[in-house]
Amino acid sequence: YLQIYNEKIIDLLNPLQFSHASVSPIVGLKLRCIDGCFLPENLYKFKCKTAGEVMKHFHSGLKSRIVASHKLNHASSRSHSILILTVESRGVLHSEDVIVSQLHLVDLAGSERGGIGGNDPKIAKECIEINKSLFTLRQVITTLTEAQSSGKGIYIPYRDSKLTSLLSQSFGGNSYSLMIQCLSPIDRVFEENISTLLYATKAGVISNKPIKNQDPKIILINQLNKKVEEITKELSDANV
């Protein structure tokens with residue numbers, strides 16, 4: 001469970017990252033690119049067997065998210081967060097048949113206009129960083145839609161921010177993506193609502209075709225098992 005604050009990746013489940021924050025600035029985790037996937041180094045992971053255990057860690061990390069109060073929100077998120085769930089399932093008949101999938105639950109901080117934090121320079125810097133990362137995400141989504149509509153290979157600027165690097169597999173990889181947008185009924189944020197809807201509309205155009213990733217050894221084992229079952233059935237029918 002991580003948050004991206006001022007372009008720093010912070011582990012929400014690592015208490016050591018926050019215990020020394022008052023003495024020295026928080027040092028963000030480094031990103032590594034492995035086989036085209038961007039992964040943060042030394043991110044805390046916990047093995048969970050029940051949904052209750054997952055929720056326990058989720059609520060624990062939620063307490064460490066950075067929030068602040070300003071003119072529009074008394075508890076505004078000052079960072080983007082990503083909860084990464086790795087789900088492993090085994091076949092009922094063949095326990096060696098293992099399927100591993102990942103679910104990324106992303107909470108994006110909302111775009112903000114300058115001046116909402118009054119004269120607070122900290123909130124002003126946070127506002128700039130939030131808007132920069134959201135602008136980069138918009139560029140990535142726009143480029144992906146153009147690439148799919150034209151059928152041409154176009155450079156996708158995933159590396160331009162930590163957020164888009166971590167979400168590269170969610171939007172352009174072997175995955176399904178669902179975006180839920182929050183709108184406000186207040187008149188003065190009408191332009192933000194329109195921008196949000198346009199944002200979601202472009203994201204909805206992206207169409208991926210996920211395929212099931214299987215270990216070649218597992219595929220071979222399944223094929224041999226199926227062949228054995230067919231031969232066994234033929235022998236049984238012949239004996240009858």
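Residues numbered from 1 in each chain as written. Predicted model: local features only at pLDDT ≥ 70, side-chain atom pairs only at ≥ 80, totals over all residues. Heavy atoms only, no water.

> What am I meant to see in the nonpolar core here?
The nonpolar side chains of soluble globular proteins are, as a tendency, buried together. Residues Leu 2, Leu 137, Ile 141, Leu 144, Leu 166, Leu 167 and Phe 171 are the most contacted members of the largest nonpolar core, which totals 22 residues. Within the residue set of this core, elements represented by two or more residues are β1 (2–5), α3 (121–150), α4 (162–166) and α6 (190–205). Considering each element in turn, this core owes the most residues, 6 residues, to α3. Contacts of Leu 144, omitting those with residues within four sequence positions, involve Ile 156, Tyr 158, Phe 171, Gly 172 and Ile 206. (Core = buried A, V, L, I, M, F, W, Y, C linked by side-chain atoms within 4.5 Å. Buried < 20%, exposed > 50% of the residue type's maximum accessible area, 1.4 Å probe, protein only. Helix = DSSP H or I, 4+ residues; strand = E, 2+ residues; numbered from the N terminus. Contact = heavy atoms within 4.5 Å.)

> Please explain the pattern of salt bridges as it appears in this structure.
As a working rule, side chains carrying opposite charge can pair if their charged atoms are close by. Under the defined criterion, the tally for this structure stands at 5 salt bridges. Across the pair Arg 32 and Glu 41 runs a salt bridge, and its minimum N-O distance is 3.6 Å. Relative accessible area serves as the criterion here: at 45%, Arg 32 is assigned to the partly exposed category. Between Asp 107 and Arg 65 there is a salt bridge, with its nearest N and O atoms 2.6 Å apart. Remark: Arg 65 occurs in the loop between α2 (51–62) and β5 (67–68) and Asp 107 occurs in strand β8 (residues 98–107); sequence separation between them is 42 residues. In this structure Asp 107 comes out as partly exposed when scored by relative accessible area, which is 35%. A relative accessible area of 10% places Arg 65 in the buried class. (Salt bridge = Lys/Arg side-chain N within 4 Å of Asp/Glu carboxyl O.)

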